[in-house]
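Read off the chains here:
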Amino acid sequence: MQIAKDKETLQTLLNKWSGKSIGLVPTMGALHEGHLSLIEKAKSENDFVVVSIFVNPKQFNDPKDLENYPSDLEGDLKKIQDLTDCVFCPDIENVYPNDFKELRFEIDHLEGVMEGKHRQGHFQGVCNIVYILLDLVKPTRAYFGIKDYQQLAIIRHMSKVHFPKIEIVPCEIIREENGLAKSSRNLNLSKDDFEKAAIIYQNLIAARDLIRSNKSIDQVKEIVRNNFQKEKIELEYFEITHPDTLQPINSRIPRSRGFIAAYVGNVRLIDNLELIE
Ligand code: PAF
């Protein structure tokens, strides 16, 4: 496994791989089994794999959130040393030099809801870093988790416009034994809160069952809201949306998805599930 700490070193390595297929797995580190499954998928579908580890300040709307974001580069490198060909772990100045001009992406139709609504500027920040990485690595395929479903939809859109040849590969959510979606943020949960956080997936499953038993969208929303209230867990939003436009829906349509963002302790967690097949 090669370690490239700056764009220039990475470029030298990429030049050697000219003509080969490359899988890119962008991450912010604090790697868990969800990330490892993306990397394994990338390895099985490409000649070479690049994993980027970079905590992107531009996608944090809350400085406290950035400060508390877990990081363990040494541990991460150990976890993936046999899985990837290259780790790209640049510092901030290398990615965003002083003369860096922030790009503005046309994603308004997808970012006005859920994460985009509650985290102002978040997706412009995500698009900036993903654009930089796709432009630099020019991968054959890039891998993103379905846990961040809205992010995946926005990156798909951005990449279709700017990098039509790159395939964006969605990867399944990996869960803890209690159903909680694996996330780097889970490291910030106390043991007690880790158990309480199971409420998120439990309610997505409950919503799916209720919809299947013909409850209306409004009824399902009310039941889920009450469930969180009863457990005194702060539900930031529960939305049921069209799977592609991400607009909230009032009546049943195929592939519609449920999305939850909730605070367990001080940790903000998100998850989603297909509710109607
Ligand atoms: O999903 C993440 O970890 C990040 O948003 C990403 C895609 C690596 C961009 O910083």
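Residues numbered from 1 in each chain as written. Predicted model: local features only at pLDDT ≥ 70, side-chain atom pairs only at ≥ 80, totals over all residues. Heavy atoms only, no water.

Draft legend 1. Broad picture of the overall build of the chain. If you tally the helices and strands in the chain, you get 12 helices and nine strands. Taking 277 residues into account, the globule formula puts the C-alpha radius of gyration at 19 Å, and the chain, at 19 Å, falls close to it. Taking all 277 residues of the chain together, the buried fraction comes to 53%. The contacts of the chain with a sequence gap of at least 6 include a subset with a gap of at least 24, amounting to 72%. In the structure as shown, the chain presents an accessible area of about 13800 Å², 46% of it carried by carbon and sulfur atoms. Here the chain carries 36 positive and 42 negative side-chain charges, and the mean point of each set is 3 Å from the other. (Helix = DSSP H or I, 4+ residues; strand = E, 2+ residues; numbered from the N terminus. Rg over C-alpha atoms; globule rule 2.2 N^0.38 Å. Buried < 20%, exposed > 50% of the residue type's maximum accessible area, 1.4 Å probe, protein only. Contact = heavy atoms within 4.5 Å. Areas by Shrake-Rupley, 256 points an atom, 1.4 Å probe, with all protein chains shown as cover. Lys, Arg positive; Asp, Glu negative; His and termini not counted. Charge placed at Lys NZ, Arg CZ, Asp CG, Glu CD.)

Draft legend 2. Fine view of the site of the ligand. Within the structure, the ligand sits among P26, T27, M28, N56, Q59, I129, F144, D148 and Q151. Take Q59: an N or O atom from its side chain is 2.6 Å from an oxygen atom of the ligand. For the ligand, an oxygen atom lies 2.7 Å from a polar atom in the side chain of Q151. The fraction of the free accessible surface of the ligand (290 Å²) that becomes covered by protein chains is 88%. The residue makeup of the shell around the ligand, split by class, is four nonpolar, four polar and one charged. (Near = heavy atom within 4 Å. Polar contact = N/O pair within 3.5 Å; in protein donor to acceptor, adjacent residues only side chain to side chain. Nonpolar A, V, L, I, M, F, W, Y, C, P; charged D, E, K, R; others polar.)

Draft legend 3. Just the environment of Y263, in detail. As for its position among the elements, Y263 is in strand β8 (residues 257–264). Under the relative-accessibility criterion, Y263 is labelled partly exposed at 25%. Along the backbone, Y263 and D193 are 70 residues apart, and their C-alpha atoms lie at a distance of 9.9 Å. In contact with Y263, not counting residues within four places along its chain, are I233, E234, E236 and R268.

Draft legend 4. Here's a closer look at the sheet that holds strand β9 (residues 267–274). Strand order in the open sheet made by the three strands is β7-β8-β9, with antiparallel pairing throughout. In this open sheet, the two strands that pair with only one neighbour each are β7 (234–241) and β9. Along the sheet, successive strands turn relative to each other by an average axial angle of 10°, direction set aside. Summarising the sheet, β7 and β8 pair through seven bridges and their orientation is antiparallel. Opposite E239, over in β8, you have F259 as the bridge partner. Along the sheet, helix α11 (residues 198–212) makes contact with β7, β8 and β9, crossing β9 at roughly 30°. Along the sheet, helix α12 (residues 217–231) makes contact with β7 and β8, crossing β7 at roughly 160°. (Pairing = 2+ DSSP bridges. Axes fitted to C-alpha atoms, helices over the stretch in contact; angles between N-to-C directions.)

Draft legend 5. Region of interest: the pairing of strand β3 (residues 48–53). Among the six residues of β3, five are classified as buried, and the element is accordingly described as predominantly covered. Of the strand pairs in this sheet, strand β2 (residues 22–27) and β3 are connected by six bridges, and their pairing is parallel. By the bridge assignment, L24 is partnered in β3 with V50. Following the chain from β2 across helix α2 (residues 33–45) to the adjacent parallel β3, one finds a crossover that is right-handed. Judged from the three bridges that link them, β3 and strand β4 (residues 86–88) form a sheet pairing that is parallel. From the neighbouring strand, V50 faces β4, where its bridge partner is C86. (Right-handed = clockwise from strand over helix to strand, strands pointing away.)

Draft legend 6. Summary view of the layout of surface pockets. Space inside the largest pocket adds up to approximately 350 Å³. In terms of lining, the largest pocket is formed by 16 residues, of which the most central are D62, D65, R185, Y263 and N266. Sorting the residues of the lining of the largest pocket by element identifies α3 (63–68) and β9 as the ones contributing at least two each. In terms of residues, the lining of the largest pocket owes the most to one element, α3, which gives three residues. Residue composition of the lining of the largest pocket, by class: four nonpolar, five polar and seven charged. (1 Å grid on protein atoms, 1.4 Å probe; cavity = no way out; pocket = protein on both sides within 12 Å on 5 of 7 lines; lining within 4 Å. Points joined across faces, edges and corners; volume = space filled by probe spheres on them.)

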